[in-house]
Amino acid sequence: MSICIGLRSGDILLLNLDGYTEGQEPEIVGTVDSGILSMEWSPDHEVVIVVTGGATVLEMTKDFDTITEVPIHTDEYGIAAPVSVGWGKKETQFHGSEGKAAAQRKAPSAVALSPDDTHAPRVAWRGDGQYFVCSSVDPSGDKRLLRVYDRECVLQSTSEAVNQLEHPLSWRPTGNLIASTQRLPHRHDVVFFERNGLRHGEFALREDSATRVVDVLWNADSTVLAVWLERCGPEGQVSQSAVQLWTMNNYYWYLKQEIPTSEAHDAFSGVQWDPEIGLRIHLTTHLGRYLRLDFSTASFVSTSLAKNNPASVVVIDGATVNVTPFKHRNVPPPMAAFKLTLPGPARHVAFGASNEGDDFAVLLSDGKVSFYSSNSIRMPIQAHTPVGTVDLHELREHHLGVHTYRQIAFLDPTTLIAIGYSEALHRDIVTGFTIGYGDVDDEDRSARIVDSVTIESVNGAMARRFLRLICAVDLGKVFVETVDGAIYEVEQNGGDWGFGFFARLPSPCPWIGAVSLGADDSKELAIVGLDRHNRLYLNDRLLASDSTSFFVHEEFLIFTTLSHTARFVELNTSVAGLVVPEATKPSAFDEDHRRVERGSQIVVATPASVNLVLQMPRGNLETMYPRALVLSQLRSFLDNLDYLNAFLLCRKHRIDMNILYDHRPEQFIENVEHFVRQINEQDYLNLFLSGLRNEDVTVTMYVNRALRNQPSTRAKAPQQERDVGKVNRICDTVRGALETIDAERYTQCILTTDVKKVPADLETAMGRIKSLRGTSYSVSLAEEALKYVIFLADADQLYDVALGMYDFSLVLMVAQHSQKDPREYLPFLSELSKLEMRYQHFKIDDHLKRYSRALKNLSLADEPGRFEECVEYIKHHKLFKDALEYFSADNQKYKAVMRLYAEHLDNNGDSAEAGLIHYLSGNKAAALASYKDALLWQEAFSVAAELGMSTQEVVQLGRELGDLLVEKRQYQSAAKVFLDYVGDPEEAVLVLLKGFQWIEAVRIAHKHGRADLVETHAKPALLDAFSHFVEDIKDTTQTSEKYLVRYRNVQQRKLEKELEGEGLPEDDALDHVDMLSDTTSMATTRITHSTARSSRMTSRTHQTAKTSRQKRRLEKKKLKGKEGGLFEEEYLLNEWRKMTVKVNDWQADLDSLARSLIRFGYEKQARELQQAYSVLVSTVKRALEEVFVRIVKVEETFEEFKLRVVDGKPLPPGHYSTAFNVPPEAGPKLNETGWGVSIFM
């Protein structure tokens, strides 16, 4: 590290600081013969520019090797000279009689140098080091010009001549503006130029003509412009030196700070911004003082959580503060609700606790404090009233030297605390001031300092530097933060002041705030801090690592993030239990997140309100209404039964009004009359009722934050989403309240409760309208009510309802107001009016498809021939049960309807029910036929007995029923019929043998003395059954083994294709894909991986285009199970499932057959049968275990590779992977126990 010094004589000195010793002389590394007038290094310190005494610009490397040298003064504009096409030029304009000479005449120049100009050239680099600008006085001595060069010292552009342009020069690091100053007769301006040399705006310094500008300097991040001023006395001597810090916001320049010298006779000798830390400035004075000042941005906001706090925000602008109470007005900067003029430039603002936290004090740059009292609590608001100004240096302790106060805290109207720097102690101090006021009767009640106490230690240790001072006005506490992040509470016990350690933040935080957490009975105090690296802390906990600003609301900690969201953290928990919701994508109903504009920062969140004010990067303000604040206040209104404000809040912010009920359903029902009286307006009540639906919005939309993260609540949510009877319950309850309060006034609301019910009770609503016409109310009221109902419901539906009420005048009323075409309804109504009343009602109900009511009206019609019409109507609409009810009083018609019903049941195959209906109607013969068809042989023979049928007829009936029962495989019932009603034991035995009821057949034969049937029928049938069973068992065993071989071949082919890179992925979706279209060539059936993938994509794209014919073809392919086909594996699996069911079904019959064979001496056959079935069971079991058990595929070993590739042999089955990966429990179950004779097992 070295220091480079350029002397006016031309010598360039270099002082090496590495290994520097006292008395070491600098090294002369070069000399410019013509002298050095200005010198500036590039930002990367690779190039240095020297303006020589010979009026040249000399460019050299860091080793002081000359790169180039060019003259400063030249008539050339530069290579970026603008091109003019003559538009608007004076030469192209018409000049009347003066002719072209007037166009060529040049106006006299009014450009001159400023009297404060030093005549010295200046150089400034752009932040990226690609361009530099040189400001120099023209050789004529009457003007100063700016010339822009690139890094190779090539002239780019020259500025226009500006009258009294001065020597200060600074190029904004971001590169868009070059700053200088201009003195005018009536003001002093800071002017800006672009790189092309053109002017780009200015702002005026708020100084008199006796002030001169020494220099202007941009900070490293281009956000602050420092203006170094010297104010001169009457004789031209410097009376005060100051540095002003200006910032630009919303195209307006604010004077944010003025830094004077601590002594009146001292002056600044050097001003320099830190090259790395953007808001750090270094100052030196002629008396040898060195100052290093660190700044941070701050919003001066009233942080009191008082209900009536107007949320005032104060913006410093030099000797003016702009005040805006955002609860009442949202005024965008640079405008404000009020502008207060101060005795001097402001340095810091602190709000106090009085007047709902809206009083504030302003610390001025000269150490004075001005107090202001609020007039903005209630409308109409007015500007704050000045209370007085005190000088903090009045009672200072002289042994502590000069104090430079920089921050204050306004604890209460009589207590002020300030942080300052003591030059005698060379450290920061905290001073407490007691403020007094004059008596009420005094004309001058201005504030004054009564006492001051300096707090010198922190727990006995000296704190050299303090970072921030804040006041928690609602708690009456003041906190200070040291530069190492420690937080101390300023404590006052009587007249003694001291510090008490409170917390330690993990890193120093320029922005801190006090927050109270927990319920009202268990409040905890904590400190929220935000450091320069966007880390947000709560005491020593990290809450977020991407925060850009925060604000403490009464219920939430609100902060913005680098991901352009505002996040809301509830404060109704303990410090340890505070949880920041996970950063998920914000949704429409998310209370924890809200998307904001890029770079937005919080200004204020209004207490006891729902608006959050953000400032955009360009400076304008935006007021938003986050869901978290809106729903929090809404729930508070509902808890306090403030239904009117809750309703208006929902209406204004588009909150679903179902929450008015869903928040606390029981409370709403109990206070429904209170709800109606508060809302009062019909339109408001209708708006609420019309938006009702059977859904709990506290589960689906606005989840209660306290229950949101509880697993039990999430599990219950799907069941709670639909509250089936909610709408009807609310409508009934509200209707009762409306009728109690004033039924006439709330007619529309009452109609809304009818229409909104689920399903809509339109008939009741139309009935109310009908009653309005028949009372003392005017017809117009009924018409208005009808128009309103037509607005709510479908007009055609209302027309049908009115028609169904059989009131033609009401029907006409609806038709007229719904703008129906008279040709559509008048002929129909005219025709109906000519009919008899009951038949008319029948026609109306039939038209409305109310068939049951139509039948009832038709049954009541007295006109002849109506019963025959009823019969046809009953048959056509199948209204048999309704007809039985309507004709129950007329026995003859009742029985006729029953016969119709029984015939209908017979025709539809419900013979059992038909038989019962026939029996009840007295038609026993038909009942017998129905029972016979239903195979209800007990009922059939009972009815036959009642009919007095002969023995021969009963036998014939028995044979017919027996044969029918055998066809339906009801062998035991058939045998019973043949024995009891036919008297044929031989036929009974044959039937039982068909049903494999061997033991029962033998018993019947012996009981009826027909032992010969055992030899002639039973034993041959037994051996025949044995032969068939053994043959079927062996065939099934062979089929299972055959299927297993096919299955293994399928797996082998799949494995080979996978190894070749052509295998199909295991995808169940392929089961439903038709791989070959109708037009595909059948020349080859080889399907590669790419073909399968393409076909799968095609199928997904055009799946809806498949015809039923194609689907049937696909199912046929699956059922065929062609060997080597695509669906072979699925076919095999389905066949094994069917086989397992069949094997299980055989067990009972085989067990009975085996035992019967043993009884009749056929032990060999029984053994053979049981052994064959055992082989079948083991074969099927082995196949199921291999096919339906998930097999884990392992890496192939060398031996397995040799076996598969070299020897060409299949791998063991355990190394195949099934296509469906069916878990064991998904496969068919084979019953292996509970069958067979134990002696043969």
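Conventions adopted
Residues numbered from 1 in each chain as written. Predicted model: local features only at pLDDT ≥ 70, side-chain atom pairs only at ≥ 80, totals over all residues. Heavy atoms only, no water. Helix = DSSP H or I, 4+ residues; strand = E, 2+ residues; numbered from the N terminus. Buried < 20%, exposed > 50% of the residue type's maximum accessible area, 1.4 Å probe, protein only. Contact = heavy atoms within 4.5 Å. Areas by Shrake-Rupley, 256 points an atom, 1.4 Å probe, with all protein chains shown as cover. Salt bridge = Lys/Arg side-chain N within 4 Å of Asp/Glu carboxyl O. Axes fitted to C-alpha atoms, helices over the stretch in contact; angles between N-to-C directions. Parallel < 35°, antiparallel > 145°, perpendicular 65-115°, else oblique. Nonpolar A, V, L, I, M, F, W, Y, C, P; charged D, E, K, R; others polar. Patch = residues over 30% accessible without salt bridge, like charges linked within 9 Å, V, L, I, M, F, W, Y side chains within 5 Å. Pairing = 2+ DSSP bridges. Core = buried A, V, L, I, M, F, W, Y, C linked by side-chain atoms within 4.5 Å.

> Could you clarify how one ought to interpret the overall build of the protein in this entry?
Each helix and strand in the protein was counted, giving 35 helices and 49 strands. Out of the 1241 residues in the protein, the part that is buried amounts to 47%. In the protein, the proportion of contacts linking residues at least 24 apart, taken out of those at least 6 apart, comes to 50%. Only carbon and sulfur atoms are counted for the fraction: they give 50% of the accessible area of the protein, which is about 61,900 Å².

> I'm lost on the pattern of salt bridges in this one. Help?
Within the structure shown, the criterion is met by 54 salt bridges. Among the ionic pairs, Asp-317 bridges to Arg-206, the shortest N-O distance being 2.6 Å. Placement of Asp-317 in strand β24 (residues 312–317) and of Arg-206 in the loop between β15 (199–205) and β16 (211–218) is noted, with a sequence separation of 111 residues between them. Assessed through its relative accessible area of 4%, Asp-317 is described here as buried. When its relative accessible area of 41% is taken as the criterion, Arg-206 is described as partly exposed. The closest approach of N and O atoms between Lys-726 and Asp-662, which form a salt bridge, is 2.9 Å. Remark: Asp-662 occurs in helix α5 (residues 659–662) and Lys-726 occurs in helix α11 (residues 726–742); sequence separation between them is 64 residues. We classify Lys-726 as buried; its relative accessible area is 0%. A relative accessible area of 6% places Asp-662 in the buried class.

> Just to check I follow, could you spell out the packing of helix α15 (residues 795–804) against helix α16 (residues 808–817) for this structure?
Packed helices, taken two at a time, are described by their axes: the angle between them and the distance between them. Axis separation between α15 and α16 bottoms out at 8 Å; the angle between their running directions is 170 degrees. Between α15 and α16, the crossing angle belongs to the class labelled roughly antiparallel. Taking contact as the criterion, the partners of Ala-795, Leu-798, Tyr-799, Ala-802 and Leu-803 in α15 are, on α16, Phe-808, Leu-810, Val-811, Val-814 and Ala-815. Residues of the contact of α15 with α16, tallied by class, amount to 10 nonpolar, no polar and no charged.

> Where do I start with a nonpolar patch on the surface in this structure?
Judged by side-chain polarity, Met-1, Ile-3, Ile-5, Leu-7, Leu-17 and Tyr-20 come together as a nonpolar surface patch covering roughly 540 Å² of accessible area. Topologically, Met-1 is positioned in the segment before β1 (2–6).

> For this particular structure, what's the right way to read the sheet that holds strand β37 (residues 486–493)?
Note: strands within a sheet are paired through backbone hydrogen bonds, in either parallel or antiparallel orientation. Reading across from one edge, β35-β36-β37-β38 is the order of the 4 strands in this open sheet, with antiparallel pairing throughout. Taken across any chain shown, the strands that pair with only one partner, and hence form the sheet edges, are β35 (466–472) and β38 (496–504). Each strand axis lies, on average, 25 degrees off the axis of its neighbour in the sheet, ignoring direction. Bridging between strand β36 (residues 477–482) and β37 involves 4 bridges; their strand directions are antiparallel. Each bridged residue has a counterpart across the sheet, and for Val-480 the counterpart in β37 is Tyr-488.

> Help me out: how do you make sense of the nonpolar core in this one?
Within soluble globular proteins, side chains that are nonpolar generally end up buried alongside one another. The biggest cluster of nonpolar side chains holds 68 residues, and the ones touching the most others in it are Ile-1033, Trp-1136, Val-1143, Leu-1153, Leu-1157, Leu-1169 and Tyr-1173. Considering every element that reaches this core, the biggest residue donor is helix α30 (residues 1012–1059), with 12 residues. Counting 59 residues, the second-largest nonpolar core is a separate cluster that includes Phe-568, Leu-631, Leu-638 and Ile-750.

> Honestly, the environment of Ser-209 in this entry has me stumped. Any pointers?
You can see Ser-209 is positioned in the loop between β15 and β16. Separated by 25 residues in sequence, Ser-209 and Leu-184 have C-alpha atoms that sit 8.8 Å apart.

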